[in-house]
Amino acid sequence: MTIFGEVLTAMVTPFYEDFTVNYEGVRKLARYLVENGSDGLVVLGTTGESPTLTKEEKLEILRVVKDEVGEKARIIAGTGTNATKAAIEMTIEAEKVGVDGVMLVCPYYNKPPQEGLYQHFKSIAESTGLPIMIYNVPGRTGKNIEAETIARLAEIDNIVAVKEASGNLNQVSKIRSLTSPDFAIYSGDDSLTLPILAVGGTGVVSVASHVVGNQIKEMIKLFKAGKVREASLLHCHLLPIFQGIFITTNPIPIKFLLNKLGHQVGPVRPPLVNPTEEESKYLLKLLQSIKK
């Protein structure tokens, strides 16, 4: 078990139908997730629709989650953005709330070179005493944080983990070969959790754990106990869910499923939209496998 745990849920943000934040829904969902397989919660990430949240909303969400489950789980706040100064300010504010760590996404859109990425994360790390997880998701940011840059950053005391969502197992392997065994590598893709564990990963920052958290926890437990075949069978059983919740832009499918399961997380905020009729039919079929 690492400083953050093995199964971290990238938590959705519940809204009312008028798109205001449902803070009571935030509280209930956080409690449910921690009771169903999550060692920690990554709050204000992509799945939490952070680009559409105001600073005030973000801080209140953190306060609510911390108040509800802070004694039972690690709370990691997504405080990264593509402006270094703004990311530092948000990280400082999150630390005041009392979170257990922060996740910093690769700067998006402005596509800095590798030295720019290094200096960005280094500057944020120097502004806080919190442990930091770097988040590499080139499919959304347009920029890959190369393994050598991750290795340089891992030498900074409070940069302790990376969420790897590049989909590139060779890159994950290279990160593992260039960093200390204490540096945690988390899968950023549910379907790659088991392969990443096999090349030295720690766990997953998961979307699917909203609905199959206990099963993901069991899969990781089996693998780490040397029961690789059993872990593989469970991975294959869960694979349709891992893939199905990404048939359209995340978090549209997972919010649809959560609502159907009675969790009342509400709609996605514009510019995201509800699933199409065809997508809804597909997700309803997927729901039956989740209920089994």
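As a convention, each chain's residues are numbered from 1 in the sequence order in which they are written. In view of the model being predicted, local features appear only for residues whose pLDDT reaches at least 70, and side-chain atom pairs are presented and counted only at 80 or more, with totals across whole chains, interfaces and linings using the full set of residues. Processing note: side-chain calculations cover all non-hydrogen atoms of the structure and skip hydrogens and water entirely.

- The name an unreviewed UniProt entry gives the chain is 4-hydroxy-tetrahydrodipicolinate synthase, with Anoxybacter fermentans as the organism.
- UniProt positions are given in the numbering used here, feature names are shortened, and annotations may be inferred rather than shown by experiment. UniProt, in its Function (unreviewed entry) section for the chain, records the words "Catalyzes the condensation of (S)-aspartate-beta-semialdehyde [(S)-ASA] and pyruvate to 4-hydroxy-tetrahydrodipicolinate (HTPA)."
- Quoted verbatim from the Pathway (unreviewed entry) field of UniProt, the annotation for the chain is "Amino-acid biosynthesis; L-lysine biosynthesis via DAP pathway; (S)-tetrahydrodipicolinate from L-aspartate: step 3/4."

### A few points about the UniProt feature "binding site: pyruvate" (unreviewed entry) in the chain
Then step 1. Under the UniProt annotation, "binding site: pyruvate" (unreviewed entry) lies at Thr47 and Val205. Taking the farthest pair of C-alpha atoms as the criterion, the annotated set spanning 159 residues converges on one region, since that pair is 10.6 Å apart.
Then step 2. In this text, helices come from DSSP runs of H or I with a minimum length of four residues, and strands from runs of E with a minimum of two, each type numbered from the N-terminal end. Assignment of secondary structure puts Thr47 in the loop between β2 (40-43) and α2 (55-69).
Then step 3. Between buried and exposed lies partly exposed: a residue is buried under 20% and exposed over 50% of the maximum accessible area for its type, with that area taken using a 1.4 Å probe on protein chains only. Thr47 sits in the buried class, given a relative accessible area of 4%.
Then step 4. Any two residues having at least one pair of non-hydrogen atoms within 4.5 Å are treated as being in contact. Non-local contacts of Thr47, meaning those with residues more than four positions away in its chain, are made with Ala10, Met11, Val12, Thr13, Val207, His210, Asn250, Pro251 and Ile254.
Then step 5. Those residues in contact with Val205, other than ones at most four positions away along the chain, are Leu8, Ala10, Val42, Met133, Lys163, Tyr186, Ser187 and Gly188.

### Section: the side chain of Thr202
Then step 1. Locating Thr202 in the fold gives a position in the loop between α8 (193-198) and β8 (203-206).
Then step 2. For Thr202, a relative accessible area of 9% corresponds to the buried category.

### Let's talk about the sheet that holds β8
Then step 1. The parallel closed barrel is built from eight strands, whose spatial order is β1-β2-β3-β4-β5-β6-β7-β8. Along the sheet, successive strands turn relative to each other by an average axial angle of 25°, direction set aside.
Then step 2. Judged from the four bridges that link them, strand β4 (residues 101-105) and strand β5 (residues 132-136) form a sheet pairing that is parallel. Across the sheet, the residue bridging to Val102 is Ile132, located in β5.
Then step 3. Note on geometry: axes are lines fitted to C-alpha atoms, helical ones only across the stretch in contact, with angles between N-to-C directions running from 0 to 180 degrees. Those strands touched by helix α4 (residues 114-126) are β4, β5 and β6 (159-164), and its axis lies near 160° from that of β4.
Then step 4. Running over the sheet, helix α9 (residues 209-224) touches β1 (7-10) and β8 and is turned about 160° from β1. In short, DSSP must find at least two bridges between two strands for them to pair.

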